[in-house]
Protein chains: 2
Amino acid sequence: MISVERLSLNQATVRRLKVAEAVELCARHQIPGIGLWRDAVAELGLAKTAAAVRAAGLHVSSLCRGGFFTHADPEGRAAAAAGNQAAVIEAAELGADALVLVSGGLVPGSRDLGLARRLITDGIADLVPFAQSAGVRLGIEPLHPMFCADRCAISRLGEAVDLSLQFPVDAVGVVIDTYHVWWDSQLAADIERAAGRIVSYQLCDWTLPLPKDTLLGRGHLGDGFIDFRSITAQVLAAGYTGYAEVEIFNQEVWNAPADDTASTVRSRFAELLG
Amino acid sequence: MISVERLSLNQATVRRLKVAEAVELCARHQIPGIGLWRDAVAELGLAKTAAAVRAAGLHVSSLCRGGFFTHADPEGRAAAAAGNQAAVIEAAELGADALVLVSGGLVPGSRDLGLARRLITDGIADLVPFAQSAGVRLGIEPLHPMFCADRCAISRLGEAVDLSLQFPVDAVGVVIDTYHVWWDSQLAADIERAAGRIVSYQLCDWTLPLPKDTLLGRGHLGDGFIDFRSITAQVLAAGYTGYAEVEIFNQEVWNAPADDTASTVRSRFAELLG
């Protein structure tokens, strides 16, 4: 279905590793793509990170992340905008396929979802010209509805697609992360509508019970409830030609030796999607 | 906006109380409606429960619950059907406005959401003639997507409405519980589409962080992130004339004295929705 030549490892899956170590890990396990996080890139430095991934022949499938547009005050919005412009510059330098945007939840102290969504739309609109001039595509990532209040008021792929369609196709697309959208009865239809706009495809499984920190309840492919073949077939049918990036937030996975994790990522990917 | 004469207390909010105690609690706090649970009703006995609520002048706004249609084997489905028929008989005897249906998650061992949803549709279809002859309305309750795998594959109000529209209006409607649907950008449109089909309206707040048992992360009205006035206005504009039932699953609320809980339920309701 999809070759391991399109596999990418998001570095959050091996969170304890520094960028240089994660790059070496991918090279050692013949994983050709990597998803990077801004804090880790900053630690090594942007130029050194770009040099390291190029030297290893790795492709940067995504940079995580920008967004968090939902501030009540102009100062907060200006600070977010400046941070997002910096993220665009980093994504350009790294040659990342997309800058992932996690949009932000309710404005602090507010219960107005409409306000949050208008601020998100405005924030993206402000960023688009800068992203276009840098040649970077922004990826709107819907997060699972359980993160709506505090992290991301864009909860369904359909919302992300509707939002992306308000902007030029070279500037704004959507990120499909199986963990966040698998449950949605409209998913197949919305993936079809997302044709030409899918800038990142992320994989991890939904496992139960959820841990106390609900950010960390994600599992290796096959350990949970998601039908990866079905969703991946839909994403490919929509014309997606990019990488499939495995991104797992899970304390047990983080505690495991990174080489074991990389082996499991690769073998599960081949087994379930080969 | 909505009078306390339409307030109902779901007995799960005061879970430690037996039915007779919950009935007395409602009477003592001038709460005119009650939502009952089948296990508690069985403990006192159906006839005695019906007599107790009538003697107290209480209205039964809902009976919780039937459903759980997603069994792989015919025996499992037959057992669920028998249980659901028993629940219909109980709802009729209690004069409940609705029998709440929690539909069931993925079929055990399966990752096929389409299969789960077909079994749910078939299970409801089987139950409808029985419900009609008993004069009981079934209420399809969408549960928050975080319960999709293990409890309810109907995650959005829109899905519940689409499903209900396949059946006669006197037999099948939808349950709107703010906790499960508040995040949905299509909620207002789907409430409008639900006109004439809303058979139960349940209230509790979304609070953070989620507890380890994610079933219990619900709060008193006003303690969380939900805009109750906005959603209630939409429900009323759709022509809903029934009770507004406060149903809170929360260990701290359960540990509190029941009279304190009832007072808080009544005062928050009046404050936020009066």
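It should be noted that the structure appears before, not after, this text.
The numbers attached to residues start from 1 for each chain and follow its sequence in the written order. Chains carry letters and ligands carry numbers; both start at the beginning, A for chains and 1 for ligands, and go up in the order they are written. Since the coordinates come from a predicted model, pLDDT governs what is reported: local features require at least 70, and pairs of side-chain atoms require 80 or more to be given and counted, while whole-chain, interface and lining totals use all residues. Hydrogens and water are ignored here; the side-chain numbers use all heavy atoms of the structure.

(A) Examining the overall build of chain A more closely. The helix count covers DSSP runs of H or I at least four residues long, the strand count covers runs of E at least two residues long, and both are numbered beginning at the N terminus. Check the secondary structure of chain A and you find eleven helices and ten strands. Taking 274 residues into account, the globule formula puts the C-alpha radius of gyration at 19 Å, and chain A, at 17 Å, falls close to it. For the C-alpha atoms alone, the extent of chain A along its principal axes is close to 45 × 40 × 35 Å. To get the radius of gyration, use the C-alpha atoms; to get the globule rule, take the number of residues to the power 0.38 and multiply by 2.2 Å.

(B) The relation of the copies chain B and chain A, seen in detail. Each copy is superposed on the other by least squares, with the fit set by C-alpha atoms of residues at a pLDDT of at least 70 in both. Once chain B has been moved 0.0 Å along the axis and rotated by 180°, it coincides with chain A to within an RMSD of 0.0 Å. Both chain copies can therefore be described as sitting about a two-fold axis. Minimal C-alpha distance to the rotation axis in chain B is attained by B:K212, lying at 2.3 Å. Any two residues having at least one pair of non-hydrogen atoms within 4.5 Å are treated as being in contact. Most of the interface of chain B is mirrored in chain A: 100% of its interface residues are interface residues there too.

(C) Representation of the packing of helix 4 (residues 74–94) of chain B against helix 5 (residues 113–134) of chain B. Residues and elements named next belong to chain B. Direction vectors running N to C along helix 4 and helix 5 enclose 35°, while the axes themselves pass 10 Å from each other. Note on packing geometry: the crossing formed by helix 4 with helix 5 is right-handed. Here R77, N84, Q85, V88, I89 and A92 of helix 4 come into contact with helix 5, specifically with L119, L127, F130, A131 and A134. Charged residues are taken to be Asp, Glu, Lys and Arg, nonpolar residues to be Ala, Val, Leu, Ile, Met, Phe, Trp, Tyr, Cys and Pro, and polar residues to be all remaining types, Gly included. Among the residues making up the contact of helix 4 with helix 5, the classes are represented as eight nonpolar, two polar and one charged. For helices, the fitted axis covers only the stretch in contact; all axes are lines through C-alpha atoms, and the angles between them, taken along N-to-C directions, range from 0 to 180 degrees. Rotating anticlockwise by less than a right angle from the far helix to the near helix defines a left-handed crossing, while the corresponding clockwise rotation defines a right-handed one.

(D) Local environment of the pairing of strand 2 (residues 33–37) of chain A. Residues and elements named next belong to chain A. Here the term buried applies to any residue with accessible area under 20% of the maximum for its type, exposed to any over 50%, and partly exposed to those in between, with areas from a 1.4 Å probe on protein chains only. For strand 2, the buried fraction is high: five of the five residues fall into the buried class. A two-sided burial pattern is seen for strand 2, the buried positions comprising G33, G35 and W37 on one face and I34 and L36 on the other. Only strands joined by at least two bridges in the DSSP assignment are considered to pair. Pairing geometry for strand 1 (residues 7–10) and strand 2, over three bridges, is parallel. Note that in strand 2 the partner of N10 across the bridge is G35. Judged from the five bridges that link them, strand 2 and strand 3 (residues 59–67) form a sheet pairing that is parallel. The partner of G33 across the bridge, within strand 3, is H59.

(E) Quick peek at the interface of chain B and chain A. Counting from both sides, the interface comprises 29 residues of chain B and, opposite them, 29 residues of chain A. Carbon and sulfur atoms make up 63% of the surface buried where chain B meets chain A, a total of about 2500 Å² over both sides. The rule for a salt bridge is simple: a side-chain nitrogen of Lys or Arg has to be within 4 Å of a carboxyl oxygen of Asp or Glu. For the pair chain B and chain A, the interface holds zero salt bridges. Tallied by class, residues from the side of chain B that touches chain A come to 14 nonpolar, seven polar and eight charged. When two parts are put together, the accessible area they lose, computed with a 1.4 Å probe and summed over both, is reported as buried area.

(F) How the structure looks around the environment of A:V4. All names here are of chain A. Residue placement: V4 occurs in the segment before strand 1. Each C-alpha atom of the pair V4 and R266 lies 7.4 Å from the other, and the pair is 262 residues apart in sequence. Look past the residues within four positions of V4 in its chain and what remains in contact with it is P32, R266, F269 and A270.

(G) Region of the structure containing the environment of B:G57. Structurally, B:G57 is set in the loop between helix 3 (46–55) and strand 3 (59–67). Linking B:G57 and B:P32, residues 25 residues apart in sequence, is a C-alpha distance of 7.5 Å.

(H) Structural context of the state of the cysteines. Counting rule for disulfides: a pair of cysteine sulfur atoms within 2.5 Å. Here the structure, examined in full by the defined rule, presents zero disulfides over all chains. Unpaired in terms of disulfides, B:C204 finds its nearest cysteine sulfur in B:C64, a separation of 12 Å.

(I) How the structure looks around the packing of aromatic side chains. Residues and elements named next belong to chain A. What counts as a ring pair is set by centres within 6.5 Å for rings of Phe, Tyr and Trp (its six-membered ring), and what kind of pair is set by the plane angle: stacked under 30 degrees, edge-to-face over 60, tilted for all other angles. In total, this model carries eleven aromatic pairs over all chains according to the counting rule given. Ring centres of Y201 and Y240 lie 6.3 Å apart, and the angle between their planes is 75°; this geometry places the pair in the edge-to-face category. Of this pair, Y201 sits in strand 7 (residues 198–203) while Y240 sits in the loop between helix 9 (228–237) and strand 10 (244–246), placing them 39 residues apart in sequence. According to the relative accessible area criterion, Y201 is buried, its value standing at 2%.

(J) Layout of the sheet that holds strand 4 (residues 99–102) of chain A. Residues and elements named next belong to chain A. Ordered by their spatial adjacency, eight strands build a closed barrel running 1-2-3-4-5-6-7-10, and the pairing between neighbours is parallel. Strand-to-strand twist across the sheet, computed as the mean angle between neighbouring axes with direction ignored, equals 30°. Pairing geometry for strand 4 and strand 5 (residues 138–140), over three bridges, is parallel. Residue pairing for strand 5: V100 is matched across the bridge by G139. Here helix 5 (residues 113–134) sits on the sheet and contacts strand 4, strand 5 and strand 6 (172–177); the angle it forms with strand 5, its principal contact strand, is near 150°. Docked against the sheet, helix 9 engages strand 6 and strand 7, running at close to 170° with respect to strand 7.

(K) Structural context of the side chain of B:R156. For B:R156, the position within the fold is in the loop between strand 5 (138–140) and helix 6 (157–164). Of note is the side chain of B:R156, whose polar atom sits 3.5 Å from the side chain of B:D190. In this structure B:R156 touches A:R156, A:W183, A:D184, A:Q186, B:P142, B:W183, B:D184, B:Q186 and B:D190, once residues within four positions along its chain are discounted. Any pair of nitrogen or oxygen atoms within 3.5 Å is treated as a polar contact; in protein, a donor-acceptor pairing is required on top of that, and neighbouring residues in sequence qualify only through side-chain atoms on both sides.

(L) A look at helix 3 (residues 46–55) of chain A. Residues and elements named next belong to chain A. Along helix 3, the residues classified as buried are T49, A50 and V53. Summarising the axial view, the buried residues of helix 3 lie within an arc of 100°, below the 170-degree limit, and thus occupy one face. Seen from the buried face of helix 3, the exposed residues on the opposite side, beyond 90 degrees, are A47, K48 and A55. On its buried face, helix 3 sits against helix 1 (19–28), strand 2, helix 2 (38–44), strand 3 and helix 4 (74–94). Looking one or two residues past helix 3, G57 carries a phi angle of roughly 70°, positive in sign. Relevant arc is that of directions from the helix axis to the C-beta atoms, nothing else.

(M) The arrangement of the nonpolar core in detail. Ranked by internal contacts, the top residues of the largest apolar core, which has 172 residues, are A:I124, A:W182, B:I124 and B:W182. Leaving out residues up to four positions away in the same chain, B:I124 has contacts with B:F69, B:L101, B:I140, B:L163, B:F167 and B:V172. By nonpolar core we mean a set of buried residues, namely Ala, Val, Leu, Ile, Met, Phe, Trp, Tyr and Cys, connected to one another through side-chain atoms within 4.5 Å.

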